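Given next are the chains, with one letter for each unit.
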Amino acid sequence: MNQTDKQRVAIVTGASRGIGAEIARRLAREGFALAVNYASSAKEADALVAELRETGGAAISVKADVASADDVRRMFETVEAQLGPVYALVNNAGVMKTTPLADTSDALYDQTFDINVRGTFNTLREAASRMKNGGRIVNFSSTALALNLPGYAIYNATKAAVESFTHVFAKELRGRGITVNAVAPGPVATSLFLEGKTDEQTATFSKMPPLERLGQPDDIAAVVAFLVSADAGWVNGQVLRANGGIA
Ligand code: NAP
């Protein structure tokens, strides 16, 4: 683990792949001790932890389905025992399958709400009693919420809930010095976005922002690094869209 007392501890949910993995790399470079959460990609999470430790930082992987309150409680217990009290919680874990509302199965509805909404709820509730004063929470919304494209009804509804949690929870933590913000990325080149799209569809999305490209995971990791930094101390209860200007 290479734990040092000086390192602040960050949990990044869904950090085995995609945006979460890049956030973990970036926060490790910023000096954080990292808890790399995953649900099923153990190999990827362990490889990332090995990579982070190579550069001298403390890092552990923690398996937990964020949709399970018991898993989330155990995750916090493990992180506190192995790394110390949590300073930054990044609620990145999420799923997206686009389909017209009329064709959405009960199972897809439940899975999307369980991971994106209940998952964020579970970690926020646990964080409320465990985080010390002066911490940072970053939730994950999506710019999809502003675009209202067909097929996104269920996914957007989950992200609307996450934005509501963000605004209200920031106020409920009054007096604790903990900021609660959300990042709302536009299209980012990860499997969540790319899977199931034709090259033509991907090209269309990449032309939508005035900066004329897809976001990359490190574009989003940089925003999260800012929100957990001392410089963002006066930013609270906000949703920050990072999307190349798409909306
Ligand atoms: P991704 O590449 O599909 O990665 C998703 C991550 O979430 C994986 O590490 C996965 O781990 C984890 N995960 C899934 N279900 C989980 C669960 N129940 N418990 C714990 N971890 C779980 O997705 P991404 O593109 O990086 O997306 C990250 C976040 O950004 C999501 O909240 C997404 O909604 C948001 N976002 C993405 C885009 C985009 O275009 N990519 C745009 C806007 C917002 P396992 O493999 O171990 O399950």
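Residues numbered from 1 in each chain as written. Predicted model: local features only at pLDDT ≥ 70, side-chain atom pairs only at ≥ 80, totals over all residues. Heavy atoms only, no water.

Draft legend 1. Looking closely at the pairing of strand S5 (residues 136-140). With 5 of 5 residues buried, S5 is to be regarded as a mostly interior element. Side-chain alternation along S5 places Arg136, Val138 and Phe140 on one buried face and Ile137 and Asn139 on a second face that is also buried. Inspection of the sheet shows strand S4 (residues 86-91) paired to S5 by 4 bridges, in the parallel sense. Across the sheet, residue Leu89 finds its bridge partner in S5, namely Ile137. In this fold, S4 hands off to helix H4 (residues 106-130), which returns the chain to S5; that crossover is right-handed. (Buried < 20%, exposed > 50% of the residue type's maximum accessible area, 1.4 Å probe, protein only. Helix = DSSP H or I, 4+ residues; strand = E, 2+ residues; numbered from the N terminus. Pairing = 2+ DSSP bridges. Right-handed = clockwise from strand over helix to strand, strands pointing away.)

Draft legend 2. Structural context of the nonpolar core. With 33 residues, the main nonpolar core has Ile23, Leu27, Leu34, Phe140 and Val183 as its most contacted residues. Those elements that provide at least two residues to this core are strand S1 (9-12), helix H1 (18-29), strand S2 (33-38), helix H2 (42-54), S4, S5 and helix H9 (217-227). Looking at this core element by element, the count peaks at 6 residues for H9. Once residues within four sequence positions are removed from consideration, Ile23 is found in contact with Val12, Val90, Asn92, Phe140, Ala221 and Val224. With 28 residues, the next largest nonpolar core counts Leu89, Leu124, Ile137 and Ile178 among its residues. (Core = buried A, V, L, I, M, F, W, Y, C linked by side-chain atoms within 4.5 Å. Contact = heavy atoms within 4.5 Å.)

Read these as layout, nothing more, since geometry by itself doesn't imply function.
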